[in-house]
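Each chain, letter by letter, is given below.
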Amino acid sequence: MIELNEAKDCCGCGVCVNSCPKKCIKLEEDKEGFLYPHIYLDECVNCNLCEKSCPILNHINRKENAIQSAVIVQNKNHEVIQRSTSGGAFTVIAEYVINREGVVFGVAMQDDYFVRHIAVQNKDELWKFQNSKYVQSFVGNAYSQAKDFLDSGRLVCFSGTPCQIEGLRCYLGEEYKNLILVDVVCRAVPSPGVWKKYIMMEIKKYGKIISVRFRDKTLGYQYSTMEIKNEQGRVYREGIESQPWLRMFFSGMIIRPSCAECKFRSRYRYSDFTIWDCFNVSSFDKKFDEKIGTTRMLIHTEKGKEIFKYISQNFIYKVIDAELAVKDVREMFYSPCMHTKRDMFFEEFSKCDMQELIQKYYPESLMIKIKKYLRLYLNKLGMDIIIRHLFKKDKDYINMRK
Ligand SMILES: Cc1cc2nc3c(=O)[nH]c(=O)nc-3n(C[C@H](O)[C@H](O)[C@H](O)COP(=O)(O)OP(=O)(O)OC[C@H]3O[C@@H](n4cnc5c(N)ncnc54)[C@H](O)[C@@H]3O)c2cc1C
């Protein structure tokens, strides 16, 4: 039976819940708003399937892989690229699957702002997966649903964070030829419980919210902002230096404890494709337009290579050296530090309302205001790249190369 000594030992993927034959494990929210398994001992038969299927307990150090290759890509469809986080790579992979009557699993924000894994079977719904949601997604029964589709012979694409993909591996326990795995390079995931409280605060301020984009590109890819749109069509958009949700996330205040000691940070993965940002595309090829967004992609398997051959016609792309592709990608190798005031923040989390917490921990000081207007001004002048370098922080990663 799974025993959790410390919060950092659970990534919240929920494989244990999906694997339990007695259905006696439930995910319950802790005081930080993250989900952890709770075992109802009366019904537990000590089969140990929960332990045997945990991706952290069954972690495999991935070895060097001679097949691995790397590309930088931009989706040729400009509407898709604009809605996507970086180069719109995921949509092309998903379309390949749907064209073959397959099923695509990814992360969507629902009408009640709940972030979860869902299955999509037609192209009109793929927009739901576009854009990274900076909240830990609830996997629910997506693993068992995916298995049912796989067993029935359907082509399945499953996307998620590296821990969720390793979770699926452990859940399935066998290889499937009809499964395509896509993981993202993941800095960390923020608390769903804090998100719930945060979005309620925004609704109180702005009225009913009809869309949230954590990485909006209206001001360009180099200055991505978080955008909230209300029912009246009003848009509230702010960048990382002042937007409270982004500040809480990127300063390590609301990240899951397991992310600060993530075991799955590696260049070598179980997935077929690893996708992430490429802000410095001109250092690979000056012909790429830096302003629209580019996805870097590692292809880990023969299956991935075959698929890329088919889908490459939908991209502007360039094959690059895999070593160079991962060079200086800190989030791929290092875990971010948790904020030094994180414990204090969560002590107060259940007692205070969100506005109070933000005012206390993330006030809009004069310095923040200066940064915000300076950045907007320089953005207008088209000097975003210089700004990205100026605003880059290097100290917030724990030195723990795997
Ligand atoms: C929580 C999180 C942290 C990330 N951190 C980094 C980082 O530090 N550095 C970096 O370079 N890139 C990071 N990425 C990856 C990056 O944001 C893009 O997902 C990637 O560049 C692919 O973009 P795209 O335009 O090709 O695809 P998009 O169309 O933007 O596709 C998004 C993909 O991400 C999945 N997804 C969305 N939200 C979540 C979620 N909450 N959990 C799991 N999967 C999700 C979707 O299912 C889809 O597969 C992160 C992504 C997430 C979700």
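Residues numbered from 1 in each chain as written. Predicted model: local features only at pLDDT ≥ 70, side-chain atom pairs only at ≥ 80, totals over all residues.

Considering the overall build of the protein chain
Going by this rule: Every helix listed is a DSSP run of H or I at least four residues long, and every strand listed is a run of E at least two residues long, numbered separately from the N terminus. Throughout, the radius of gyration refers to the C-alpha atoms, and the reference size of a globule is 2.2 Å times the residue count to the power 0.38. Three classes are used. A residue is buried when 20 or more other C-beta atoms lie within 10 Å of its own, exposed when 12 or fewer do, and partly exposed in between, with C-beta atoms placed from the backbone.
Counting secondary structure elements, the protein chain contains 15 helices and 15 strands. At 21 Å, the protein chain has a C-alpha radius of gyration in line with the 21 Å of a compact globule built from 402 residues. Taking the principal axes of its C-alpha atoms as reference, the protein chain extends roughly 60 × 55 × 45 Å. With 402 residues in all, the protein chain has 44% of them scored as buried.

Observations concerning unusual backbone geometry
The backbone of N48 shows a phi angle near 70 degrees, a positive value even though the residue is not glycine. Its location among the elements puts N48 in the loop between β2 (35–39) and α2 (49–52). Owing to 12 C-beta atoms within 10 Å, N48 belongs among the exposed residues under this scheme. Even without a glycine there, the phi angle at D328 is positive, about 65 degrees.

Things to note about the site of the ligand
Formally: A molecule or strand has a residue near it when that residue's C-beta atom, placed from backbone coordinates, lies within 6 Å of it. Residues were grouped as follows: Ala, Val, Leu, Ile, Met, Phe, Trp, Tyr, Cys and Pro as nonpolar; Asp, Glu, Lys and Arg as charged; and all remaining residues, including Gly, as polar.
What surrounds the ligand is a group of 33 residues, the closest being S84, T85, G106, R187 and D277. Of all the elements in the fold, those that place two or more residues in the shell around the ligand are α4 (89–99), β4 (103–109), β6 (156–160), β7 (179–184) and β11 (273–277). The residue makeup of the shell around the ligand, split by class, is 14 nonpolar, 15 polar and four charged.

As for the domain arrangement of the protein chain
Definition in use: Where each domain begins and ends follows an automated or database-derived domain assignment. Distance between backbone-placed C-beta atoms decides contact: two residues are in contact if it is within 7 Å.
According to the domain assignment, the protein chain consists of domain 1 (7–52) and domain 2 (63–402). Placing the centre of domain 1 and that of domain 2 at their C-alpha centroids yields a distance of 26 Å. Contacts between domain 1 and domain 2 engage 15 residues on the former and 22 residues on the latter. Broken down by element, the residue count for the side of domain 1 that touches domain 2 peaks at three residues, all from helix α1 (residues 15–19). Partitioning the side of domain 1 that touches domain 2 into residue classes produces six nonpolar, five polar and four charged.

Thoughts on the nonpolar core
Let me state the cut-off plainly: The term nonpolar core refers to a group of buried residues, namely Ala, Val, Leu, Ile, Met, Phe, Trp, Tyr and Cys, whose C-beta atoms join them within 7 Å.
By size, the foremost hydrophobic cluster in this structure holds 95 residues, and its most contacted members are I93, C157, F158 and M297. Shared between two domains, this core takes at least three residues from each, and those domains are domain 1 (7–52) and domain 2 (63–402). Ignoring sequence-local partners within four residues, the contact set of I93 consists of C157, I180, V182, F273 and I311.

Points about the sheet that holds strand β9 (residues 225–230)
Defined as follows: Any two strands between which DSSP finds at least two bridges are classified as paired. Here an angle of 0 to 180 degrees is reported between the N-to-C directions of two axes, which are lines fitted to C-alpha atoms, with helices fitted over the stretch in contact.
The strand order across the open sheet built from three strands is β8-β9-β10, with neighbouring strands paired in antiparallel fashion. A single partner strand is all that each edge strand has here, and the edge strands are β8 (209–216) and β10 (235–239). Put simply, the sheet's adjacent strands are angled 10 degrees from each other on average, direction ignored. Pairing of β8 with β9, which is carried by five bridges, proceeds in the antiparallel orientation. Bridged to S211 within β9 is K229.

Description of α4
Among all positions in α4, only A89, F90, T91, V92, I93, A94 and V97 are buried. Trailing α4 by a residue or two, E101 shows a phi angle of about 60 degrees, which is positive.

Things to note about helix α7 (residues 192–206)
The test is simple: Under the convention used throughout, the expected extent of a helix is 1.5 Å for every residue step, that is, one less than its residue count.
Over its 15 residues, α7 runs 21 Å from end to end, which matches the ideal 21 Å to within 8%, given 1.5 Å per residue. Buried within α7 are the following residues: P192, G193, V194, W195, Y198 and I199. Check the buried side of α7 and you find it contacts β1 (25–29), β5 (115–120), β8, α8 (244–250) and α13 (354–361). Count one or two residues on from α7 and you reach G207, which has phi positive near 85 degrees.

Topic: the pairing of β1
Across five bridges, β1 lies against β2 in antiparallel orientation. Across the sheet, the residue bridging to L27 is P37, located in β2. Taking the residues that link successive antiparallel strands as the turn, the β1-β2 hairpin has five residues, and the phi of G33 there is positive, at about 85 degrees.

Focus: the pairing of strand β12 (residues 295–299)
Taken across its five residues, β12 has five buried, putting it largely inside the fold. Across the two faces of β12 the burial is the same, with T295, M297 and I299 and R296 and L298 all buried. As paired strands, strand β3 (residues 69–75) and β12 are joined by five bridges and run antiparallel to one another. Looking across to β12, one finds that V73 is bridged to T295. Pairing geometry for β11 and β12, over five bridges, is antiparallel. Among the inter-strand pairings, F273 is bridged to a residue of β12, identified as I299.

Some points on the sheet that holds β3
On the basis of which strands lie adjacent, the open sheet formed by eight strands has the order β5-β4-β6-β7-β11-β12-β3-β13 and mixed pairing. The two strands at the open ends of the sheet, each matched to only one other strand, are β5 and β13 (315–320). Sheet twist, expressed as the mean angle between neighbouring strand axes with direction ignored, is 25 degrees. Packing of helix α5 (residues 142–151) onto the sheet brings it into contact with β4, β5, β6 and β7, and relative to β6 it is tilted by some 160 degrees.

Looking at the environment of Q82
Relative to the helices and strands, Q82 resides in helix α3 (residues 78–83). Look at Q82 and you get partly exposed, because 16 C-beta atoms sit within 10 Å. For Q82 and T218, which are 136 residues apart along the polypeptide, the C-alpha to C-alpha distance reads 8.2 Å.

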